[in-house]
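Letter by letter, the chains look like this.
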Number of protein chains: 2
Amino acid sequence: MAVQVSIPKGTRDFTTSEMSKRNYIFDNIKTVFKKYGYQAIETPAMENLSTLLGKYGDEGDRLIFKILNSGNYLNKIDEDNLNPEHIAEITNLISEKGLRYDLTVPFARFIVQNRSEITFPFKRYQIQPVWRADKPQKGRYREFFQCDVDVIGSNSLFNEFELIQIIDEIFEILNLKVTVKINNRKILAGIAETIGESDKFIPITVAIDKFEKIGLKKVNEELQKNGLSQDAINKLQPVLNVKRNTTESIEFLSEMLKTSETGLAGLEEIKTIFDYLEYFKPKSNVELDLSLARGLNYYTGAIFEVISDEVELGSICGGGRYDDLTSIFGMKDISGVGISFGADRIYDVLNQLNKFPNETEKSSDVFFINFGKAEELKCIEIANELRKSGYSCEIYPQKAKIDRQFKYANNKNIPFVIVIGAQELENNTLTIKDMSSGDQISIKNSELIDYLEKVQL
Amino acid sequence: MAVQVSIPKGTRDFTTSEMSKRNYIFDNIKTVFKKYGYQAIETPAMENLSTLLGKYGDEGDRLIFKILNSGNYLNKIDEDNLNPEHIAEITNLISEKGLRYDLTVPFARFIVQNRSEITFPFKRYQIQPVWRADKPQKGRYREFFQCDVDVIGSNSLFNEFELIQIIDEIFEILNLKVTVKINNRKILAGIAETIGESDKFIPITVAIDKFEKIGLKKVNEELQKNGLSQDAINKLQPVLNVKRNTTESIEFLSEMLKTSETGLAGLEEIKTIFDYLEYFKPKSNVELDLSLARGLNYYTGAIFEVISDEVELGSICGGGRYDDLTSIFGMKDISGVGISFGADRIYDVLNQLNKFPNETEKSSDVFFINFGKAEELKCIEIANELRKSGYSCEIYPQKAKIDRQFKYANNKNIPFVIVIGAQELENNTLTIKDMSSGDQISIKNSELIDYLEKVQL
């Protein structure tokens, strides 16, 4: 009997079928990134805790997985201090490294550390797992992949436009209909200014960010709780509770923000982006959404969020411009903009809509039944030729019951099975079975590649 | 001024240039794996310590990075017990998870845990980082990638042959000349039996394994230290100190092992593999090497090691057959065979021989100089067309000094730079500069794709 084995809660094994679906997503995303000149980097799973701590708030600090120092990790602790009451101090003394919590902070650290080798504007993508000691629940894991693409060292809005092109192209290839929502943190700051509550900018954005989820009434309650005057809340209503298309929103803001320099600057940025989109119309809907705020406070300009038009699953991609990311490591005034693709959510959307190509399920193009040594040698010969022409092939590694071998091919979703028995061996022929239709025909060995080309494998 | 930032010792950032070289290796390896029907799996970075501990010996247990439990991790400890003398006990109480130390044990755990979903024989590959709290030194890292390919659930020697084909094809594609050394643990067991020291099998293999490094004299000293009789050591001499080709080794063993059933079984296995290679001659040298032993004790049959013929750098790939890997988790009698590619070493060999294709250095195929808004729009239009034809393109994100823009293209090794200024814009032409020759010509926009095809970009 097998021992009961398990993996840590909130983590996952990825089986062959899950991996090929995940790689379908990642490979398509990477192909588009590369077409636009973005290049991969990778950073270590472990970072010094001094790099990670204090960057994600108190809650974030708690959720960082900490690694026990090697060797006699207790030797820095006075025995008197080894007391559960001093747990925070003890943690500092027994752990110096943690697992990365996201890709953003390691990216900022990477830029500062490798700045002499980097050509700016720096266009990079990074696809790696991150770890969070969050309570695991449906759709929330303790190990999950982030897939980030950023350009840093240029404040041109061309970059925002290019990222929208990239989003558009990726979801077109993945055959998903999406809406790209855009807003701008300067517009939000302008709104806070206009309603006379500039100092409440953060609670205003946090409340607005929840608009879609909790509705206007609760947003207003939250604003009140945060000390906004009734007058200010009244002035905010037309921002949230009127449906407008992008043109109408721009008109509305031109009026509302006319006394706010920051607000008008944000509006100009939005206009510039939509001017680009006027020239190069994306396949996706792109719209200005004044209720989009994005919680993260390092955003300073344009912000993005992408949702599926077909499945309600929340945001599947998001990001924005940040003007001061590397300043946490002392390198100031480097503006950047980036987005992050939610691989797990995209996976779920594709799965729900049954939009993974059949391709992703098959392990090989062609399978050879093994009837014994003499036939096997012929199969190897033919398989090697097929591989040279780019086909993937498997030969059953030993003689076995034919049912069992067909079952193997079937389980592995191999579309064509080739049978070479004694008779075929003598005649230099083979029988090929199309596993989806069940049809089989006998052909000469030399006709095989033509046959496979014809069936457009 | 930027803060001094760093990463944990023994870990690495991979820059864009390093990543594209690494991906060149991994992509080629994966392509070959897939051609033979091997499929990817992935397992979590963290495993339960109960899965990892006791599998790699005491030293291995010490080198596993342990993760501090989340929350109040001290709450399981009696205050009285919180004493540096009880460090082992304390570690058990404050840490339940560790980072994987290799891919082999997680693979065995994966098979046992997912056995109901797996089709056997199971052909999988796995390329993921592993972590070891080893003392960092040149060429030895605390985080490094392993790249394993295995077939499990079949004891047919066809699999050994197929792995040699895979090795051969991968190194041919990477343009590296290699020698594949083969031996068999049953032959080694047979030799131990023949010299009358069956019970010393492990120390004999460990000593033989060092033959290449420390030479015959020291091997003999070590054997003596391990209690081998002088008679046994004398009988072992002709195994090690006579150079033989494969045919000669087989003849020699047929004589030496004639009284050892195990030894002869190993010899038959070796002969079967070389029979395959007689039919399907690999490009690489493949030879029987009686001094190959491989330290790992889970190997039970064929063992492999691959060395570069061009650079002395030790083994760049190795593996073997194991008959009982999953039994550590209670699932018995599943034979498998696998090999592991040493990505860091292969990287070093390619680097030393300057054999990375130039391709790996370039970030894009084509770069567009940005002269301002009107020209930029034309550049976007042309770049989008090029991307549709499969080219990767970058446009400088803003107007900037032309020198600076050329420098950017140069730093990023982009082979072609396109200039569209006011004049070109008016005439629907562009100037394209070949960055390696310095040549530039003016062509019509519509001629661009033909031009790029002609220069075979």
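Residues numbered from 1 in each chain as written. Chains lettered and ligands numbered in written order. Predicted model: local features only at pLDDT ≥ 70, side-chain atom pairs only at ≥ 80, totals over all residues. Heavy atoms only, no water.

J.: Teacher, can you tell me more about the overall build of chain A here?
T.: Summing up its helical and strand segments, chain A has 17 helices and 16 strands in all. The C-alpha radius of gyration computed for chain A amounts to 28 Å, which surpasses the reference 23 Å derived for 457 residues by more than 25%, pointing to a less compact arrangement than a globule. Reported as C-alpha extents along the three principal axes, the dimensions of chain A are approximately 90 × 70 × 45 Å. For chain A, buried positions account for 59% of its 457 residues. Counting only contacts in chain A whose residues sit at least 6 apart along the sequence, the fraction spanning at least 24 positions is 69%. Counting every atom, chain A has about 19,800 Å² of accessible surface; 46% of that belongs to carbon and sulfur. Averaging the positions of the 57 positive and the 68 negative side-chain charges in chain A gives two centres separated by 3 Å. (Helix = DSSP H or I, 4+ residues; strand = E, 2+ residues; numbered from the N terminus. Rg over C-alpha atoms; globule rule 2.2 N^0.38 Å. Buried < 20%, exposed > 50% of the residue type's maximum accessible area, 1.4 Å probe, protein only. Contact = heavy atoms within 4.5 Å. Areas by Shrake-Rupley, 256 points an atom, 1.4 Å probe, with all protein chains shown as cover. Lys, Arg positive; Asp, Glu negative; His and termini not counted. Charge placed at Lys NZ, Arg CZ, Asp CG, Glu CD.)

J.: Just to check I follow, could you spell out unusual backbone geometry for this structure?
T.: With glycine set apart, most residues show a phi of negative sign, and most peptide bonds adopt trans. Residues and elements named next belong to chain A. Here the residue pair Phe120 and Pro121 is connected by a cis peptide bond, since its omega of -10° sits within 30 degrees of zero. Tracing the backbone shows Pro121 in the loop between helix 5 (104-113) and strand 5 (122-131). Residues other than glycine seldom take positive phi values, yet Asn428 does so here, at roughly 55°. Residue position: Asn428 is located in the loop between helix 16 (422-427) and strand 15 (429-434).

J.: Any chance you could explain the domain arrangement of chain A here in plain terms?
T.: How large an interface is tends to be reported as the accessible area lost when its parts come together. Examined at the domain level, chain A breaks down into domain 1 (16-64 + 101-352) and domain 2 (362-454). Each of domain 1 of chain A and domain 2 of chain A has a C-alpha centre, and these two points are 50 Å apart. (Domains from an automatic or database assignment.)

J.: Hey, could you run me through the nonpolar core in this one?
T.: Generally speaking, a soluble globular protein has its nonpolar side chains buried in company with each other. Counting residues in hydrophobic clusters, the biggest one holds 251 residues, and the most contacted among them are A:Phe171, A:Phe341, B:Phe171 and B:Phe341. In this structure, A:Ala45, A:Trp131, B:Ala45 and B:Trp131 belong to the second largest nonpolar core, which totals 14 residues. (Core = buried A, V, L, I, M, F, W, Y, C linked by side-chain atoms within 4.5 Å.)

J.: Quick question: what am I supposed to make of the environment of A:Ala343 here?
T.: Residues and elements named next belong to chain A. Along the polypeptide, Ala343 turns up in helix 13 (residues 343-352). Remark: the alpha-carbon pair of Ala343 and Gln146, spanning 197 residues in sequence, is separated by 7.0 Å. Setting aside anything within four residues of it in sequence, one finds Ala343 in contact with Ile25 and Phe26.

J.: What should I look at first to understand the interface of chain B and chain A in this one?
T.: Tallying the contact residues gives 103 residues for chain B and 103 residues for chain A. Note on chain B versus chain A: buried area summed over both sides is about 8,800 Å², and carbon and sulfur give 61% of it. In this assembly, chain B and chain A are joined by four salt bridges. Put simply, A:Arg109 and B:Asp13 hold a salt bridge, and the shortest N to O gap is 2.6 Å. Across the chain B-chain A interface, the total number found is 32 residue pairs in polar contact (both at pLDDT 80 or more). (Buried area = accessible area lost by both parts, 1.4 Å probe. Salt bridge = Lys/Arg side-chain N within 4 Å of Asp/Glu carboxyl O. Polar contact = N/O pair within 3.5 Å; in protein donor to acceptor, adjacent residues only side chain to side chain.)

J.: What am I meant to see in helix 14 (residues 373-388) of chain B here?
T.: In an α-helix, one turn spans 3.6 residues; hence positions three or four apart end up facing the same way. Residue and element names in this part refer to chain B. Here helix 14 spans 23 Å end to end across 16 residues, near enough to the 22 Å set by a 1.5 Å rise per residue. Restricting attention to buried positions, one finds in helix 14 the residues Glu375, Glu376, Leu377, Lys378, Cys379, Ile380, Ile382, Ala383, Asn384, Leu386 and Arg387. Looking one or two residues past helix 14, Gly390 carries a phi angle of roughly 95°, positive in sign. (Expected span 1.5 Å × (residues − 1).)

J.: What should I look at first to understand the sheet that holds strand 11 (residues 336-341) of chain A in this one?
T.: Remark on secondary structure: sheet strands pair via backbone hydrogen bonds, oriented parallel or antiparallel. All names here are of chain A. Reading across the sheet, the eight strands line up as 1-5-6-11-10-9-7-8 and stay open at both edges, with mixed pairing between neighbours. Edge positions in the sheet fall to strand 1 (39-40) and strand 8 (285-288), since each of these pairs with one other strand and no more. When strand 6 (residues 143-152) meets strand 11, the two strands line up antiparallel, connected through six bridges. Paired with Val151 across the two strands is Val337, which belongs to strand 11. Packing of helix 5 onto the sheet brings it into contact with strand 5, strand 6 and strand 10 (315-322), and relative to strand 5 it is tilted by some 135°. (Pairing = 2+ DSSP bridges. Axes fitted to C-alpha atoms, helices over the stretch in contact; angles between N-to-C directions.)

J.: I would appreciate a short explanation of the relation of the copies chain B and chain A in the present structure.
T.: Here two copies of a chain appear, and what relates them is a rotation about an axis with a shift along it. Overlaying chain B with chain A gives an RMSD of 0.1 Å, the required rotation being 180° about an axis along which the chain moves by 0.0 Å. Taken together, these values place the two copies in the relation of a two-fold axis. Minimal C-alpha distance to the rotation axis in chain B is attained by B:Ile67, lying at 2.2 Å. In this assembly the copies share their binding face: 100% of the residues contributing to the interface of chain B also contribute to that of chain A. (Least-squares fit on C-alpha atoms with pLDDT ≥ 70 in both.)

J.: Looking at this model, I keep getting lost on the sheet that holds strand 16 (residues 440-444) of chain A. Mind explaining?
T.: Residue and element names in this part refer to chain A. Spatially, the five strands line up as an open sheet ordered 13-12-14-15-16, and their pairing is mixed. Edge positions in the sheet fall to strand 13 (393-395) and strand 16, since each of these pairs with one other strand and no more. Across this sheet, the average inter-strand angle for adjacent strands is 25°, counted without regard to direction. Where strand 14 (residues 416-419) meets strand 15, four bridges bridge the pair, whose relative direction is antiparallel.

J.: Would you explain the packing of aromatic side chains in this entry?
T.: To describe a pair of aromatic rings, you give the distance between the ring centres and the angle between the ring planes. Within this structure, the stated rule accounts for 40 aromatic pairs over all chains. Ring geometry for B:Tyr298 and B:Tyr322: centres 6.2 Å apart, planes at 80°, overall edge-to-face. Taken together, the residues span a long stretch of sequence, with B:Tyr298 in the loop between strand 8 (285-288) and strand 9 (302-308) and B:Tyr322 in strand 10 (residues 315-322) at a distance of 24 residues. B:Tyr298 sits in the partly exposed class, given a relative accessible area of 28%. Classification of B:Tyr322 by relative accessible area gives buried; the value is 2%. Among the aromatic residues, ring-to-ring pairing joins A:Phe158, A:Phe161, A:Tyr276, A:Tyr279 and A:Phe280 into one connected group. Across from the ring centre of A:Phe14, 3.9 Å away, lies the NZ or CZ of A:Arg22, which sits over that ring. Cation over ring: A:Arg387 sits above B:Tyr36, and NZ or CZ is 3.6 Å from the ring centre. (Phe/Tyr/Trp six-rings, centres within 6.5 Å; stacked < 30°, edge-to-face > 60°. Lys NZ or Arg CZ within 6 Å of the ring centre and 35° of its normal.)

J.: Any chance you could explain the packing of helix 8 (residues 201-209) of chain A against helix 9 (residues 211-225) of chain A here in plain terms?
T.: How two helices sit against one another is set out by the angle between their axes and by the gap between those axes. Residues and elements named next belong to chain A. One can describe the packing of helix 8 onto helix 9 by two numbers: an axis separation of 7 Å at closest approach and a directional angle of 140°. Where helix 8 abuts helix 9, its residues Pro203, Ile204, Val206, Ala207, Ile208 and Asp209 lie against Phe211, Val219, Glu222 and Leu223. Taken together, the residues of the contact of helix 8 with helix 9 break down into eight nonpolar, no polar and two charged. (Nonpolar A, V, L, I, M, F, W, Y, C, P; charged D, E, K, R; others polar.)

J.: Would you mind going over the packing of helix 1 (residues 16-35) of chain B against helix 13 (residues 343-352) of chain B with me for this structure?
T.: Residue and element names in this part refer to chain B. Packing of helix 1 against helix 13 brings their axes to within 10 Å, and their N-to-C directions diverge by 110°. The pairing of helix 1 with helix 13 is recorded here as roughly perpendicular in orientation. For the pair helix 1 and helix 13, contact is made by Glu18, Lys21, Arg22, Tyr24, Ile25 and Phe26 and by Ala343, Asp344, Ile346, Tyr347, Leu350 and Asn351, respectively. Broken down by class, the residue content of the contact of helix 1 with helix 13 amounts to seven nonpolar, one polar and four charged. (Parallel < 35°, antiparallel > 145°, perpendicular 65-115°, else oblique.)

J.: Help me understand the side chain of B:Lys123, please; the structure alone is not making it clear to me.
T.: Structurally, the position occupied by B:Lys123 is in strand 5 (residues 122-131). In this structure B:Lys123 comes out as buried when scored by relative accessible area, which is 4%. B:Lys123 has contacts with A:Glu394, A:Tyr408, A:Lys412, B:Tyr36, B:Gly37, B:Tyr38, B:Gln39, B:Asp150, B:Val151 and B:Glu162, leaving out every residue within four places of it along the chain.

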